[in-house]
Amino acid sequence: MRQSYLPFSPPLIGEEEIAEVVDALRSGWISSGPRTRQFEIDFGQLCEGRQALGLNSCTAGLHLALLGLGVGAGDEVITTPITFAATVNMIEMVGARPVLVDVEPDTLNIDPRRIEGAITSKTRAIMPVHFAGHPAEMDPINEIASERGLRVIEDAAHALPAKYKGRTIGAGPNPTAFSFYATKNITTGEGGMLVGDDQLVTEARITCLHGMSREAWNRYGKGGSWRYDIVRPGLKYNMFDIQAAIGMCQLKKLAQFQERRQAIVRAYFDALSDEPGVKLPAHRDHVEHAWHLFVIRVQEEFVGGGRDQFLEELTKRNIGTSVHFIPIHMHSYYQNKYRYRHGDFPIAEQNFAQMLSLPLNPAMTDTDVEDVVDAVKQVLRNLKPARRAA
Ligand SMILES: *Cc1c(COP(=O)(O)O)cnc(C)c1O
């Protein structure tokens, strides 16, 4: 058995990041400034030249996108129950109502076939989440949106770098928010990026910094003016240069990180494909998967105690795992406010009961990967289902 605990998703920070942070600290400019701008430019290039805005979180990006599209009180936004709370919380925070539709059974992404039935006269937008890094079916989603006059905001917290039908997520027509939280595919500790068209990003840049008419960092630089105007009330969501110093280095390593993620995914598939006790993640031919999460589904009929027991046994064997996500309608606030009942989103609920995320990150060594595989196989052998009464 593995001797030391394998953390689920530790950050992978190298000497490059440390040196760049030190340079930023010594530079005399630690708030939003040249490093933030450079990181935005580099990130925008990755998204085929779209405008990018560095923020202190992906949550901020989702909030600014909703505000930028004018979504507010009385509006409805269609989204998925299989996401982190940030997605729906921001819909609530602008005064709109999140309308959940159930997910596709294989990818666990929002099911485009169910969207039409959820549209009302109040619907303003659709917010797909590229769950685990597998892009949602953007063609039908965009098609429904354009037919019905709706906007689309993409929650791409998991989807760096992913492609849908050859196009990079973030390079499409919709405002798209990325996360650099500590566990995400690249990290700045906390941080995010909003990518979109020039107008939306220009407006979001103003809103993200108090509604000030010019960038604050110009204010204190030579040639900057002390004058500023508040054109509307804003927030304080800007990324700063210490974060961006980490992000610039992480972005340079993205391709290398992804190669490692893919190699680990191949190892998991090779080792676990024939195990009936676990269903491995879906991967459609027309997408490039960001492999943020490796979500397996524990098959109760083959595994005694199901997912919960399985997870506990892996923890005992020093393998860190997690569950993504508790469906939104099962959280007390949403359950109480919208009177959701058990069975409202049966596919989300059935899969939630089975879901477990195995460790998948570029810090893992080959031995770590073997340890996970060995532990999973051992647990599958040990947890035989109770024999059914004849
Ligand atoms: C992590 C995450 C977010 C929020 O990202 P932050 O940068 O922490 O705000 C949003 N949506 C999903 C699906 C996430 O996993």
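Residues numbered from 1 in each chain as written. Predicted model: local features only at pLDDT ≥ 70, side-chain atom pairs only at ≥ 80, totals over all residues. Heavy atoms only, no water.

1. As for the confidence of the model for the protein chain
Next up, step 1: Considering every residue of the protein chain, the mean pLDDT works out to 96; 97% of them sit at 70 or more.
Next up, step 2: Predicted confidence in the protein chain is weakest over helix α7 (residues 216-219), with a mean pLDDT of 60, and strongest over strand β6 (residues 154-155), with 99. (pLDDT = per-residue confidence, 0-100. Helix = DSSP H or I, 4+ residues; strand = E, 2+ residues; numbered from the N terminus.)

2. Some thoughts on the packing of helix α3 (residues 58-68) against helix α6 (residues 198-207)
Next up, step 1: Two numbers describe how α3 lies on α6: the axes approach to 10 Å, and their chain directions differ by 115°. In terms of their interaxial angle, α3 and α6 are classed as roughly perpendicular. Along this stretch, α3 crosses α6, giving a crossing that reads as right-handed. Contacts between α3 and α6 pair Leu64, Ala65, Leu67 and Gly68 from the former with Leu200, Ala204 and Thr207 from the latter.
Next up, step 2: Looking at the contact of α3 with α6 residue by residue, the class counts come to 5 nonpolar, 2 polar and no charged. (Axes fitted to C-alpha atoms, helices over the stretch in contact; angles between N-to-C directions. Parallel < 35°, antiparallel > 145°, perpendicular 65-115°, else oblique. Left-handed = near helix turned anticlockwise from the far one by under 90°. Contact = heavy atoms within 4.5 Å. Nonpolar A, V, L, I, M, F, W, Y, C, P; charged D, E, K, R; others polar.)

3. Considering the site of the ligand
Next up, step 1: Neighbouring residues of the ligand: 16 residues in total, closest Thr59, Asp155, His158, Ser179 and Lys184.
Next up, step 2: The separation between an oxygen atom of the ligand and a polar side-chain atom of Thr59 is 2.4 Å.
Next up, step 3: The separation between an oxygen atom of the ligand and a polar side-chain atom of Ser179 is 2.7 Å.
Next up, step 4: Against a free-state accessible area of 380 Å², the protein chains account for coverage of 92% of the ligand.
Next up, step 5: Elements with a contribution of two residues or more to the shell around the ligand: α3 and α4 (85-93).
Next up, step 6: The residue inventory of the shell around the ligand, partitioned by class, reads 7 nonpolar, 7 polar and 2 charged. (Near = heavy atom within 4 Å. Polar contact = N/O pair within 3.5 Å; in protein donor to acceptor, adjacent residues only side chain to side chain. Areas by Shrake-Rupley, 256 points an atom, 1.4 Å probe, with all protein chains shown as cover.)

4. Brief notes about the sheet that holds strand β2 (residues 76-79)
Next up, step 1: Here 4 strands make up an open sheet; going across it, the order is β3-β2-β4-β5 and the pairing parallel. Two strands bound the open sheet, and with one partner strand each, they are β3 (97-100) and β5 (151-152).
Next up, step 2: One ladder, built from 2 bridges, connects strand β4 (residues 123-127) with β5; its direction is parallel. Opposite Ile126, over in β5, you have Val152 as the bridge partner.
Next up, step 3: Contacts between α4 and the sheet are confined to β2, β3 and β4, with β3 contributing the most and set at about 140° to the helix. (Pairing = 2+ DSSP bridges.)

5. Observations regarding the packing of helix α9 (residues 254-272) against helix α13 (residues 366-382)
Next up, step 1: Running from N to C, α9 and α13 cross one another at 30°; their axes reach a closest spacing of 10 Å. On the basis of the axis angle, α9 is roughly parallel to α13. In this structure, the crossing between α9 and α13 has a hand that is right-handed. Across from Arg260, Ile264, Ala267, Tyr268, Ala271 and Leu272 in α9, the residues of α13 making contact are Asp366, Val369, Val372, Val373, Val376 and Lys377.
Next up, step 2: Residue composition of the contact of α9 with α13, by class: 9 nonpolar, no polar and 3 charged.

6. Here's the deal with the nonpolar core
Next up, step 1: Counting residues in each nonpolar core, the largest one holds 38 residues, and the members touching the most others are Phe39, Phe43, Ile78, Ile115, Phe178 and Phe180.
Next up, step 2: Elements represented by at least two residues in this core include exactly α2 (34-46), α5 (138-148), β10 (192-196), α8 (241-252) and α9.
Next up, step 3: When near neighbours in sequence (up to four residues on either side) are disregarded, Phe43 contacts Ala52, Leu160, Phe178, Phe180, Met193, Val195 and Leu251. (Core = buried A, V, L, I, M, F, W, Y, C linked by side-chain atoms within 4.5 Å. Buried < 20%, exposed > 50% of the residue type's maximum accessible area, 1.4 Å probe, protein only.)

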